[in-house]
Amino acid sequence: MHVDDLADLCLLALENAPAASIFNGAHRTPVTLIEIACAASLGTGAGGKVVERPLAGARQALGWQPSRHSILRDLCAYAPSAP
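Here's what I pulled together on the structure shown here. Source: prediction; values computed, not measured.

Conventions used here
- Residues numbered from 1 in each chain as written.
- Predicted model: local features only at pLDDT ≥ 70, side-chain atom pairs only at ≥ 80, totals over all residues.
- Heavy atoms only, no water.
- Helix = DSSP H or I, 4+ residues; strand = E, 2+ residues; numbered from the N terminus.
- Rg over C-alpha atoms; globule rule 2.2 N^0.38 Å.
- Areas by Shrake-Rupley, 256 points an atom, 1.4 Å probe, with all protein chains shown as cover.
- Lys, Arg positive; Asp, Glu negative; His and termini not counted.
- Charge placed at Lys NZ, Arg CZ, Asp CG, Glu CD.
- Patch = residues over 30% accessible without salt bridge, like charges linked within 9 Å, V, L, I, M, F, W, Y side chains within 5 Å.
- Salt bridge = Lys/Arg side-chain N within 4 Å of Asp/Glu carboxyl O.
- Contact = heavy atoms within 4.5 Å.

## Details of the overall build of the chain
Thinking step 1. When you go through the chain residue by residue, the secondary structure sums to four helices and zero strands.
Thinking step 2. The N-to-C order of helical and strand elements in the chain reads α-α-α-α.
Thinking step 3. Taking 83 residues into account, the globule formula puts the C-alpha radius of gyration at 12 Å, and the chain, at 19 Å, lies well above it.
Thinking step 4. Overall, the chain is about 45 × 35 × 15 Å in size when its C-alpha atoms are taken along their principal axes.
Thinking step 5. Carbon and sulfur atoms form 62% of the exposed surface of the chain, whose accessible area is close to 7,900 Å².
Thinking step 6. Where the 6 positive side-chain charges of the chain centre and where its 7 negative ones centre are 17 Å apart.

What follows is the structure in structure tokens.
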């Protein structure tokens, strides 16, 4: 989705949406993560080359140890409370 389209959506939601509304702003056709990576590679002059890196690689190479909860917990925390 283009940033200007996202801005239009946000403005329309702020102006017209009922309180606590949730919208999924997506382009007409789905874009895969690999397509995004390839486009970023082209844009940086790497010719569209991408390399898959498993999460374990960041942990091994950098000694990274995630210690916080996942985004799923954060998203669920915003769910309205049941009456």
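On we go.
## Observations regarding a nonpolar patch on the surface
Thinking step 1. A contiguous nonpolar surface patch, about 320 Å² in accessible area, is contributed by V31, L33 and I36.
Thinking step 2. The residue V31 is located in the loop between α1 (3-16) and α2 (33-43) in this model.

## Overview of unusual backbone geometry
Comment: phi is negative for the bulk of residues other than glycine, and the bulk of peptide bonds are trans.
Thinking step 1. The phi angle at A20 is positive, at roughly 65 degrees, despite the residue not being glycine.
Thinking step 2. Within the element layout of this structure, A20 appears in the loop between α1 and α2.

## Examining the side chain of S41
Thinking step 1. Structurally, the position occupied by S41 is in helix α2.
Thinking step 2. Sequence-distant contacts of S41, defined by excluding residues within four places in its chain, comprise A46, G47, G48, K49 and V50.

## Side note on the environment of W64
Thinking step 1. Along the chain, the position of W64 falls in the loop between α3 (55-62) and α4 (71-77).
Thinking step 2. In this structure, W64 is in contact with L55, A58 and R59, ignoring residues within four places of it in sequence.

## Describing the environment of L42
Thinking step 1. Within the fold, L42 resides in helix α2.
Thinking step 2. Excluding its chain neighbours within four sequence positions, the residues that come into contact with L42 are G47 and G48.

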